Each structure stands twice: as C-alpha cells, then as structure tokens.
Amino acid sequence: MDRNISTFKQLCEYCVSSKKNIYEIAQYNMAKEADISENEVRNVVMNALKSMKEAISIGINSNELSVSGMCGDDCYKVKKFYNKNHSMFGPLFQKVIEYALATSEENIRMGKIVACPTAGSCGILPAALISISEEYKYNTDDQLNALITAGEIGRIVSAKMALAGAVAGCQAECGVASAMAAAAITQIRGGNIYQILNSSALALKNVLGLTCDPVAGLVEVPCVKRNPFMAVFAITASELALSGVESKIPIDEVVDAMAQTGALMSPMLKESSEAGLATTKTGLYYKSLICKK
Amino acid sequence: MKKSTLFDIILPVMVGPSSSHTAGAVRLGLLARHIYKTEPKKVIFTLYNSYAHTGTGHGTDKGLLAGILGLGVDDRRIKDIFNSSISKNVDYSFNYEDNFRRHPNSVDIEIDGDKKMFISGDSVGAGNILITQINEFKVSLSGNYDTIIIVYKDKPGMVSAVTKMLQDENVNIASLDCDRNAKGQDASMIICIDSPLNSTVISDIENIKDVYFVTYVEKLGI
C-alpha cells in the first residue's frame, strides 16, 4: 500500500485503483507508522470516540462558567429553550447545536475533550457525527470508519499547512474541523470518495479567510459559539455533496487557497488578539475585567 | 521532519481549553519531570509572553504544575490542582514576564529537591513542545522519542563510541544532534531512539572517558 499520500488527488486515485475506502487506507498507514496492528489503531480511535461522547454527556448538564466568566452557560440556555420550543429544523438540528456547545463549553471549563483537530474546534465533529449516529442509529463500527475518514482529511490538509489559528486563522481550525465533519457524515451515509472529498471542499470554501481574534486571548469568544455554526455548515456541505453537487475547485486547490489566504492575513488577525473582535470596545472591556482578576 | 499522522489529527484526549496553552503546558511539566527524575520539593515557573498574558485563563499555570507532579494531559484533576492533595507537598510559585527574544509560549522551570535544575521550554503548537535548555546546555527535546543526552569533551571518536554501544544493543537511532561550546570544550549529543533502552547501556556510556554527564529521558505517553 502507498504510505506517502500527501494530496487528495493521490488519495482519490489510490481509493479508486485499490477499491478501498479512505478509512481502510488511513488505518493501514497509521498502523504501519505506529508499528501497531489495525485493530489497535481502531481501539485508539474508539477511545477518542468514547471521550467525545463523555464530553457531551457531562457538558450538556453543566452551566459552570469558565475562569474568565465569559462563557459556559450557553448550552444550558439552549437546552432550556428546546424543552419548551422545538427547533423548526427538527430534533437532529437541536442535538447538533446542543452537542457542539456542550463539548466546546466543557473545553473552556477545563473539562476533558478531544482536540479534533484542535481544542478550540473540538465541538464540531462530535456534534455532527454523534447526533446523526444517534438519530439514524449508525453502529459503532460505522462511527469509527467515519471518524478515521475525517482524520485522514485533516491529516492531508495538515501536510500542506499547520492547523493553527496563529498560522492561518480560524479557517485552519474550525474551518478544517467543519471539512472533517462533512467527510465523516458523508462517509457514514454511504457517500463515495468523490462525494466525501467534495463535501470537505465545499465546507472549507465556505469559511476561507475566517479570522482568529479571540477576546482577551482566550479560546472562548467567539470560538465557543462558532462550533455549532460550523457543525451545521458541515451537514449542509455533506448534503450538497451527496446530491451530486461538486466543488468547482478541487479540494487540493481549495487547501492551497486557504494556505495562501492564511499567509496573506495580517498577524494581528491570527490568534494574537491585536485586532478584530478582541480590540472592539467591549472586547477590550472584557479583557480589562479578566486581567484584574 | 515528522509529518502529522492520523492520531495527531483526531487526538489527543485532553483537558481544555487550549492545546498549546493547556496540554502543551502539561507536557512541558511532564517532560521536565522525566528529566529531573525525582520528586521536586520546590518549583518556580516563569511564564513568558502569551503564556504570561493568557496563562491564567487557559490554565497554563495549573497545567505546568500538574505535569511536573506527573499528571497526564487528560487528567480531570488538573483543573483543581492548586487545591488538591497532589500539590500539597510541593512549594510552587509563578512569575510572569515579557521578553521578545523568547518564544510566545515559553517557560523557565527552576526545580529544587535532591538537586537543583533549570529547564526552559516552548509550546510550539498543537500540544507539541520543545525543551530548549537544561541547566547551561542548549537542547532540543520534543518528548516524542526516548532520548539520551550526553555531555562530553569535544574530541574525535566520541559519537562512534556511543553509537557502537547502541548498535550492539540493536537500538535504532531516529535522530542525532551534536553541539559544542567551542572546539575541544564541552559538547552535547542528543540521541533520539526508536526503542527503550536498558539502564546498563547508560552506565556504559557514563564510563566512556571524557563523558561528563549522561541522562536518559523517557518519551511522553501522548
């Protein structure tokens, strides 16, 4: 098997020629890399999946604020709202919003989460994958295959650029998480390799240029609330791709565009909190409150 | 250069909120513990730049302390480490400084116990770290490999003397970095290896003439 896949084109060609799924290639390569069996690879991924579910189940019942006091009770508010009002988009949509907030808020209150691909974007993939798996009763193996597929998407993106807000802004963190989530749910719904890659490309294109300007330098505002938005984008991208909608720009070129956009973005908008939301009047006010503590 | 793997993308399982400011801090503390080897009695952390400014909100201080006390990145006890019995036997303090010469996420760790030790490190992104200094020696330790650190007199044949011992143990070298203060002066060798080493090899290396100091640093779990 080819262990040097560093572009989506290579991955696609290899999937087609070997008649294998993305997750089969990814778990084989990971096993070789770590010198363990494919079963052991799946056990590690299983542990990640379990931890994602655990973060949701703990986070969804908490309204404890973070140390800064800026965030922590949004999931609680949403849950209360949904107790009396149903989402116009139905129960799946409710779950996606709740699970993304639950995970992301668990992160900012120093709970246990899975950085997938980063801590700030940790709510996106679990929200999309786990809520859909619950609502449509996909089994654990399906979920593992989807998570491994998502991981392979992230891995190939990261071969071209660092998945860090400080390097390329939020597009490289929440944006990539959204693209990974899109791939996961396209996989679990039986999408083919082209549909999976298209779903990721569509999700990424949607967020090109997204800045990273966190208030007081903390992974809270706007990061927490960005998680549910990105999870919903992922589902949109997946459904477009499953319908046969194609990204006119192939995913490799979308990633190149993202890397270029990231490089052209001012460092002031890349996690340094020197511009954007961080330096608004209110952003600076929160910063002054937190610094006094 | 090490490329990202599948596990790098869908892991680690960690305590939030930040891979660089929380998980990275735990790993810096933990690797410092691996280097120090015994239980620290007193630790002074000096946090620089972004670590100093956003460290409290990110739990960087808690992470560093938890790490040096042996907790992993996914340990829920990190959050309450200051009030936990785990930290009650260690005297710890934090300083906060700006220094533009230092990495944005950087820390000095001064440890006292059965010996004094000074360790510097950076959190270089996505939870990855580099220990950059141990006492007066510049090093580059990621914690991703079992590593042998050797300080010796700069002279011909030292590298081959050491690598011969590793070869005899059938230990594969992943990377090898040598540096020296000046020709014929103190030099350092940092060897990352692919399989754990038994302790007799370390004492064999110690016994090579003009080797001043050897330490073996186990890799971090995750």
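Presented here is an overview of the structure given in this document. (Residues numbered from 1 in each chain as written. Chains lettered and ligands numbered in written order. Predicted model: local features only at pLDDT ≥ 70, side-chain atom pairs only at ≥ 80, totals over all residues. Heavy atoms only, no water.)

**Observations regarding the layout of surface pockets**
Residues and elements named next belong to chain A.
Working step 1: When its volume is computed, the second largest pocket comes out at roughly 230 Å³.
Working step 2: Taken together, 15 residues make up the lining of the second largest pocket; nearest its centre are Cys 12, Tyr 194, Leu 197, Pro 250 and Ile 251.
Working step 3: Sort the elements by how many residues they give to the lining of the second largest pocket and helix H1 (residues 8–18) lands first, with 5 residues.
Working step 4: In terms of residue class, the lining of the second largest pocket is built from 9 nonpolar, 2 polar and 4 charged. (1 Å grid on protein atoms, 1.4 Å probe; cavity = no way out; pocket = protein on both sides within 12 Å on 5 of 7 lines; lining within 4 Å. Points joined across faces, edges and corners; volume = space filled by probe spheres on them. Helix = DSSP H or I, 4+ residues; strand = E, 2+ residues; numbered from the N terminus. Nonpolar A, V, L, I, M, F, W, Y, C, P; charged D, E, K, R; others polar.)

**Section: the sheet that holds strand E10 (residues 186–193) of chain B**
Residue and element names in this part refer to chain B.
Working step 1: As summarised here, the arrangement of the 4 strands in space is E9-E10-E8-E11, forming an open sheet in which the pairing is antiparallel. Only two strands of the sheet have a single partner each, and these edge strands are strand E9 (173–180) and strand E11 (211–217). Here the strands of the sheet are splayed against their neighbours by 10° on average, with no regard to which way each runs.
Working step 2: Of the pairings in the sheet, the one linking strand E8 (residues 146–153) to E10 comprises 8 bridges and is antiparallel in character. Within E10, the position partnered with Ile 150 by the bridge is Met 189.
Working step 3: This element, helix H5 (residues 158–168), spans E8, E9, E10 and E11 of the sheet and lies at about 25° to E10. (Pairing = 2+ DSSP bridges. Axes fitted to C-alpha atoms, helices over the stretch in contact; angles between N-to-C directions. Contact = heavy atoms within 4.5 Å.)

**Regarding the pairing of E9(B)**
Residues and elements named next belong to chain B.
Working step 1: Taken together, the 7 bridges between E9 and E10 define a ladder with antiparallel strand orientation. When the bridges of E10 are listed, Ser 175 appears paired with Cys 192.
Working step 2: Between E9 and E10, which pair antiparallel in sequence order, lie 5 residues; one of them, Gly 184, sits at a positive phi of approximately 80°.

**Some thoughts on the interface of chain B and chain A**
Working step 1: Every contact between the two is made by 27 residues of chain B and, on the other side, 42 residues of chain A.
Working step 2: Of the roughly 2800 Å² buried between chain B and chain A, counting both surfaces, carbon and sulfur atoms make up 67%.
Working step 3: Considering only the surface of chain B that becomes buried against chain A, B:Leu6, B:Ile9 and B:Ile10 emerge as the three largest contributors, covering 24% of it.
Working step 4: Taken together, chain B and chain A are joined by 2 salt bridges.
Working step 5: Residue A:Glu64 pairs with B:Lys79 through a salt bridge whose shortest N-O separation is 2.7 Å.
Working step 6: Linking chain B with chain A are 10 residue pairs in polar contact (both at pLDDT 80 or more), by the criterion used here.
Working step 7: Going through the elements one at a time, helix H1 (6–10), strand E1 (13–15), helix H2 (19–36) and helix H3 (49–58) of chain B are the ones with two or more residues in the side of chain B that touches chain A. (Buried area = accessible area lost by both parts, 1.4 Å probe. Salt bridge = Lys/Arg side-chain N within 4 Å of Asp/Glu carboxyl O. Polar contact = N/O pair within 3.5 Å; in protein donor to acceptor, adjacent residues only side chain to side chain.)

**Side note on the pattern of salt bridges**
Working step 1: A complete count under the given rule lists 24 salt bridges over all chains for this structure.
Working step 2: When the shortest N-O distance is used, the salt bridge between A:Asp73 and A:Lys77 registers 3.8 Å.
Working step 3: A salt bridge links B:Asp75 to B:Arg77, with the shortest nitrogen-to-oxygen separation between them at 2.8 Å.
Working step 4: Salt bridges here are not isolated pairs; linked through shared partners, they connect A:Asp73, A:Asp74, A:Lys77 and A:Lys225.

**What about the state of the cysteines?**
Residues and elements named next belong to chain A.
Working step 1: Overall, the coordinates contain 0 disulfides over all chains when judged by the stated rule.
Working step 2: Cys 71 takes part in no disulfide bond, and the closest cysteine sulfur to it belongs to Cys 223, at a distance of 8.1 Å.
Working step 3: Judged by relative accessible area, which is 0%, Cys 71 ranks as buried.
Working step 4: In this structure Cys 75 is not part of a disulfide, and its nearest cysteine sulfur, from Cys 122, lies 12 Å away.
Working step 5: Here Cys 75 falls in the buried class, since its relative accessible area comes to 0%. (Disulfide = S-S within 2.5 Å. Buried < 20%, exposed > 50% of the residue type's maximum accessible area, 1.4 Å probe, protein only.)

**A look at helix H10 (residues 193–205) of chain A**
Residue and element names in this part refer to chain A.
Working step 1: Over its 13 residues, H10 runs 18 Å from end to end, which matches the ideal 18 Å to within 8%, given 1.5 Å per residue.
Working step 2: Counting buried positions along H10 yields 11 of 13 residues, so the element is predominantly enclosed.
Working step 3: Among the residues of H10, those classed as buried are Ile 193, Gln 195, Ile 196, Leu 197, Asn 198, Ser 199, Ser 200, Ala 201, Leu 202, Ala 203 and Leu 204.
Working step 4: Of the surrounding elements, those touching the buried residues of H10 are H1, helix H2 (22–34), helix H7 (140–160), helix H9 (174–188), helix H11 (223–242) and helix H12 (251–264).
Working step 5: The N-cap of H10, judged by a side-chain oxygen 3.0 Å from the amide nitrogen of Tyr 194 a few residues on, is Asn 192. (Expected span 1.5 Å × (residues − 1).)

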